[in-house]
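# Architecture and fold: a report
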Amino acid sequence: MIGPGETTPVPVPHVVAWNITRRCNLACSHCYISAGSWHAASGELGTAECRAILDDIIDVNPSPLLILSGGEPLVRDDLEEIAAHATEAGATVVVGTNGTGLTDARIESLKGAGVQGVAVSVDSLRPEYHDRFRHGGGALADTMAAVDRLVEHELDFVVQATVTRGNRGEVGELAAWAAALGAVSFNLYFLVPTGRGERMEGLSPEENESVLAELAELERTFRGRMMVRSKCQPQLMRHVIEADDGSPLLNYRTRCPCGVNYCRITPEGKLTPCPYLPAVAGDLTVETFRDVWERAELFQALRHGTLGGRCGRCEYREVCGGCRARAFAQSGDALGADESCAYEPTGDQPMVKRRAEVSYGEGADPEMPWTAEATARLGRIPSFVRGVVTRRVEDFARDRGYAVVDLDVMAEVRRALPVDFSKKLPFFLGGGTATAPGAPGQPQGQPAREHAWGHNA
Ligand code: SF4
Ligand code: SF4
Ligand code: SF4
């Protein structure tokens, strides 16, 4: 609660998702942005406008994680120009795509533009399901071929799927397939009834509960090889807290980050709290990113407001908080209850606190001396992971009796990572940078997605 005359620091927009187009070669049943081939490019922000908005974002956070998606972002031939501009300015850039247009040449040009990873959507290994769900004959074969090319070109990738009753039985198989190919993460999305998804019926709260329990189990199975996470369903944290003390997910600031450390830009330049939450906080074609981020009432409400309904009385509200986009879609109130949850809080239980002292999304001032070179290297990683990395590297150094953190110490931390990424370290563990979430004795963490790499799944 903020008292009269008091101010609270404005939170950092660590992750910015940007739907740069509504155009798409597919027309998936659940698409939150109702993308399709019939949309025109005319309403979209032009390249120069995108560059100007990027500069505004960098002015507020010099090292955000930027997710460029759509629609299908590959339909824009200035995607690489936008990505390169963001990379050069200091952002870590990833792309969310349906994968069907990822040719060898396009993968190389994305890499050339500094893109650090790609998220592709695979809902089933059965074409009859995937292609029907995505409204595109041959889509699965095209996307699977693209995944092979990503492996070949050594560009990190995340596999995303949206769970429905039609593929509920395939979740484990999909995760195993993604892990076998070397995905850095398997993200399972749960339906938010917005956009075209409004016409779909999601899983019942009980079905969600059983999928989440399976997901928590899969997370244990693939720990150290591949991250497994739920999206639009922060209720996973309840399962993890109840059943798995060692989970790296406990290092995350897991409560829905929308409007707090996360926001979305629409193809027309409107700023909203999350891709799945269409309420507009401001218009970046007439206001600066800073003005909207710092002042919009909607963001203030999400940062300081009180949750309603069962989420409001739930002891898990600090670690889960429910999906605000779903609450908005269900009731028109972004602070209302997330009715997809099966948990019935009584309201008389002590608050469940998160476990990690410093979690992703938070800063941590160095407690040890760092050389200038080590400090500069730390400064090049995405802002939301910097606090955790600082703490882990210092713990590692202290453990070994080092008085100063220098590049050698950082390299040693990196070598000691207990992760077998066969080709190379994924970008967030630092292609050349000794970022160290997951130093020995610590849960292995994969920080680059507080809610990240979000496409339409
Ligand atoms: S979900 Fe993605 S691939 Fe499907 S229509 Fe929407 S933007 Fe296109
Ligand atoms: S009631 Fe709300 S805060 Fe509690 S676990 Fe369910 S969704 Fe999360
Ligand atoms: S949990 Fe939060 S960030 Fe994730 S989809 Fe829902 S509203 Fe968006």
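Residues numbered from 1 in each chain as written. Chains lettered and ligands numbered in written order. Predicted model: local features only at pLDDT ≥ 70, side-chain atom pairs only at ≥ 80, totals over all residues.

### Some thoughts on the overall build of the chain
In terms of helices and strands, the chain carries 15 helices and 10 strands. In the chain, which comprises 457 residues, the proportion classed as buried is 53%. Once local pairs closer than 6 in sequence are excluded, the contacts in the chain between residues at least 24 apart make up 74%. (Helix = DSSP H or I, 4+ residues; strand = E, 2+ residues; numbered from the N terminus. Buried ≥ 20, exposed ≤ 12 C-beta atoms within 10 Å, placed from the backbone. Contact = placed C-beta atoms within 7 Å.)

### Concerning the pairing of strand β7 (residues 227-231)
For β7, a buried count of 5 out of 5 residues is recorded, marking the element as mostly surrounded by other parts of the structure. The side-chain alternation of β7 yields two buried faces, one formed by M227, R229 and K231 and the other by V228 and S230. Two elements, strand β6 (residues 185-190) and β7, share 5 bridges in a ladder whose sense is parallel. Its bridge partner lying in β7, F186 is registered against V228. For the segment spanning β6, helix α7 (residues 205-222) and β7, crossover handedness is right-handed. (Pairing = 2+ DSSP bridges. Right-handed = clockwise from strand over helix to strand, strands pointing away.)

### Let's talk about the pairing of strand β2 (residues 65-69)
Most of β2 is tucked away: 5 of the 5 residues are buried. Here β2 shows two buried faces, one formed by L65, I67 and S69 and the other by L66 and L68. Strand direction decides the pairing type here: strand β1 (residues 15-19) and β2, joined by 5 bridges, are parallel. What sits directly across from N19, in β2, is S69. In this region the chain leaves β1, passes through helix α1 (residues 47-60) and returns to the parallel neighbour β2; the handedness of that crossover is right-handed. Two elements, β2 and strand β3 (residues 92-97), share 4 bridges in a ladder whose sense is parallel. By the bridge assignment, L66 is partnered in β3 with V93. Once the chain exits β2 it traverses helix α2 (residues 79-89) before rejoining the sheet at β3, and the crossover so formed is right-handed.

### Focus on the confidence of the model for the chain
Confidence in the prediction for the chain averages 87 pLDDT; 87% of positions are at 70 or higher. Below pLDDT 50 for its whole length, residues 418-455 participates in 123 contacts with residues either more than four positions away or in separate chains. (pLDDT = per-residue confidence, 0-100.)

### With respect to the nonpolar core
Counting 124 residues, the largest nonpolar core has L66, L68, A83, F157, V159, A183 and A325 as its most contacted members. With 7 residues, the single largest contributor to this core is helix α14 (residues 383-399). Ignoring any residue separated from it by four or fewer positions in sequence, one finds L68 in contact with W18, I20, P73, L79, I82, A83, V93 and V95. (Core = buried A, V, L, I, M, F, W, Y, C linked by C-beta atoms within 7 Å.)

### Some details on the sheet that holds β3
Taken in spatial order, the 10 strands line up as β7-β6-β5-β4-β3-β2-β1-β8-β9-β10 in an open sheet, and their pairing is mixed. Two strands lie at the open edges of the sheet, namely β7 and β10 (282-283), each paired on one side alone. The strands touched by helix α5 (residues 139-152) are β4 (117-121) and β5 (156-163); relative to β4, the strand with the most contacts, the crossing angle is about 160°. (Axes fitted to C-alpha atoms, helices over the stretch in contact; angles between N-to-C directions.)

### Details of the site of ligand 2
Close to ligand 2 lie 14 residues; C311, C314, C320, G322 and C341 are nearest. Of the residues that constitute the shell around ligand 2, the class distribution is 7 nonpolar, 3 polar and 4 charged. (Near = placed C-beta within 6 Å. Nonpolar A, V, L, I, M, F, W, Y, C, P; charged D, E, K, R; others polar.)

### Structural notes on the packing of helix α4 (residues 127-134) against α5
At a minimum axis separation of 8 Å, α4 and α5 run at an interaxial angle of 100°. Taken together, the axes of α4 and α5 lie roughly perpendicular to each other. Contact residues: P127, H130, D131 and R134 in α4; A139, L140 and A141 in α5. (Parallel < 35°, antiparallel > 145°, perpendicular 65-115°, else oblique.)

### What about helix α13 (residues 372-379)?
Every buried residue of α13 is accounted for by A374, R377 and L378. Around the axis of α13, the buried residues are gathered within 100° of arc, so they sit on the same side. In α13, the exposed positions that point more than 90 degrees away from the buried face belong to A372, E373, A376 and G379. Along its buried surface, α13 packs onto α14 and α15 (407-415). (Arc of directions from axis to C-beta.)

### Things to note about helix α8 (residues 236-243)
Most of α8 is tucked away: 6 of the 8 residues are buried. For α8, the complete set of buried residues consists of L236, M237, R238, H239, V240 and I241. Where α8 is buried, its residues meet α7 and β7.

### A word on the environment of L181
By the secondary structure assignment, L181 is in helix α6 (residues 171-181). Separated by 24 residues in sequence, L181 and F157 have C-alpha atoms that sit 9.6 Å apart. If we skip the residues at most four places from it in the chain, L181 touches V147 and V151.

### As for the environment of R377
By secondary structure assignment, the location of R377 is in helix α13. Considering only alpha carbons, one finds R377 and L407, 30 residues apart in sequence, at a separation of 8.3 Å.

### Concerning unusual backbone geometry
With an omega of 15°, the peptide bond between G70 and G71 qualifies as cis. Within the secondary structure layout, G71 lies in the loop between β2 and α2. The phi torsion at H135 lies on the positive side, around 55°, for a residue other than glycine. Tracing the backbone through its elements, the reader meets H135 in the loop between α4 and α5. One non-glycine residue, E154, adopts positive backbone phi at about 55°. Relative to the elements of secondary structure, E154 occurs in the loop between α5 and β5.

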